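# Close look at the chain arrangement
So you can see what is in the structure, the chains are spelled out below.
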Amino acid sequence: MSKNYHTSLLNGENSVSQAVSLLQKGECVALPTETVYGLAADASNIIAINKIFEAKGRPKNHPLIVHIPDVSHLENWAKAIPSTAYDLAKLFWPGPLSLLLKKADHVPDEVTGGLDTIALRVPAHPLFLEVLTQLNTGLAAPSANRYKQLSPTIAEQVMQGLDGRIAAVLEGGPCEHGLESTILDLVSQKPRILRAGPVTQQQLETAMGQSVDIPKNHTELVPGNVEAHYQPNTPLRIFSSEQLLAEMGELSQKNYHLIVWSDTVLEQCKKATSRVATWSNLKNDAALFGRELYVTLYQVDQTCPEQIIVEQPPQSDAWAAVNDRLTRAASR
Ligand code: TXA
Ligand code: MG
């Protein structure tokens, strides 16, 4: 698609009503969520939905998540809804949990990539919620990036990828979580996590009083849930702290960017070599690390190092979403 739009950055007093009016006209508008920016369009308008695929360059069989104003809209989009869906909605909505349910018969195939299931969530960002409340319907919204690029967590990053390809971007500041929502499949026999996210396996198990699967090879289950979606342009490698220190000598010959979460390891790296190229010291806290991860990768990409080296985070439940995205980022 050629660049057809003059993309406005909406950030004034009337920004929400401007976004609403564009969405009502069947345009795509990038909106902030608490996870990442989403590229929103009216989920009941097939022409609008097709614009999402065109703007992103995304294959048509990749299903979209539909965002609803509150739980009372669930039945408009899904059928045969188990009671656990309502229990989880009470605990986690608005918030970063997408529930996979049987789709209602009238939902267009364009939204679900032809599948008979639909992913639904109520987002927590106040601006997105305000837009949804005014429209009083569902908005399909994948992450607001071009196909295969990193999900944007600041408006500037949305603009860099989609300027000229969509009607507008609603400025909503940096995203709180910085990683995409957890996707929980409630259609399969046993609940299972299709994509790790800010709501963790343990939180879900506690809430549901039953075990929740997190399949290792879940990527193939979902068209569009593939490795290449979460990769920076620069090759990325993950090193344990020990490996990192062992490699420092060799690394000093190269133009790399180091991402660490441990102050001690950073100090040791600096001692072990005459030259640590550039580094980002993210926090030793899964939520804070997650918030900074994509924006750091985006900014590092602009400086074009030969590679990005990341200190491997702990392997605990809290870090599952971070580890999932890092593993995908490193898999090429
Ligand atoms: O946090 C998020 O979920 C963000 C914000 C904008 O809400 N959205 C997001 O959308 O990450 P997207 O399209 O980039 O990723 C959605 C994932 C895809 O991997 C897609 O395959 C999966 O959800 N998905 C959506 N509907 C599905 C369905 N019916 N069955 C299986 N997977 C589905
Ligand atoms: Mg995406």
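Residues numbered from 1 in each chain as written. Chains lettered and ligands numbered in written order. Predicted model: local features only at pLDDT ≥ 70, side-chain atom pairs only at ≥ 80, totals over all residues. Heavy atoms only, no water.

## A short note on helix α12 (residues 320–330)
At 3.6 residues per turn, the α-helix brings residues three or four places apart onto the same side. Counting buried positions along α12 gives eight out of eleven residues, so the element sits mostly inside the fold. Among the residues of α12, A321, V322, N323, D324, R325, L326, R328 and A329 are the ones counted as buried. Against the buried residues of α12 lie β11 (192–195), β12 (236–239), α11 (286–302) and β15 (307–311). (Buried < 20%, exposed > 50% of the residue type's maximum accessible area, 1.4 Å probe, protein only. Helix = DSSP H or I, 4+ residues; strand = E, 2+ residues; numbered from the N terminus. Contact = heavy atoms within 4.5 Å.)

## Topic: the pairing of strand β13 (residues 256–260)
Side-chain direction in a regular strand flips from residue to residue, so the side chains alternate between the two faces of the sheet. The buried fraction of β13 is high, at five of five residues. By the alternation rule, side chains of β13 split into Y256, L258 and V260 and H257 and I259, which are all buried. Pairing of β13 with β15 involves four bridges; the strand directions are parallel. If you follow H257 over to β15, its bridge partner there is I308. Pairing analysis gives four bridges linking β13 to strand β14 (residues 278–281), with the strands arranged parallel. Considered in β14, the bridge of I259 is made with S280. (Pairing = 2+ DSSP bridges.)

## What about the packing of aromatic side chains?
In this structure the tally under the stated criterion is two aromatic pairs. Judged by centre distance (6.0 Å) and plane angle (50°), the ring pair of W261 and W319 falls under tilted. Of this pair, W261 sits in the loop between β13 and α10 (263–272) while W319 sits in the loop between β15 and α12; the two residues are 58 residues apart in sequence, bridging distant segments of the chain. A relative accessible area of 5% places W319 in the buried class. Between F289 and W319 the ring centres are 5.4 Å apart and the planes differ by 65°, which places this aromatic pair in the edge-to-face class. Remark: W319 occurs in the loop between β15 and α12 and F289 occurs in helix α11; sequence separation between them is 30 residues. Note on accessibility: F289 and W319 belong to one class, buried. The rings of W261, F289 and W319 are connected pair by pair, giving a single aromatic cluster. (Phe/Tyr/Trp six-rings, centres within 6.5 Å; stacked < 30°, edge-to-face > 60°.)

## Observations regarding empty space enclosed by the protein
Scanning the entire structure with this criterion turns up one cavity of 30 Å³ or more. Considered as a void within the structure, the largest cavity measures approximately 30 Å³ in volume. Lining the largest cavity are I193, A196, G197, V199, T200, Q201, I214, D317 and A320. Across the lining of the largest cavity, the residue classes break down as five nonpolar, three polar and one charged. (1 Å grid on protein atoms, 1.4 Å probe; cavity = no way out; pocket = protein on both sides within 12 Å on 5 of 7 lines; lining within 4 Å. Points joined across faces, edges and corners; volume = space filled by probe spheres on them. Nonpolar A, V, L, I, M, F, W, Y, C, P; charged D, E, K, R; others polar.)

## Comments concerning the sheet that holds β13
What the four strands build is an open sheet, ordered β12-β15-β13-β14; its pairing is parallel. Each having just a single partner strand, β12 and β14 make up the two edges of the open sheet. Mean inter-strand twist for the sheet, computed between neighbouring axes without regard to direction, equals 20°. Along the sheet, α12 makes contact with β12 and β15, crossing β12 at roughly 125°. (Axes fitted to C-alpha atoms, helices over the stretch in contact; angles between N-to-C directions.)

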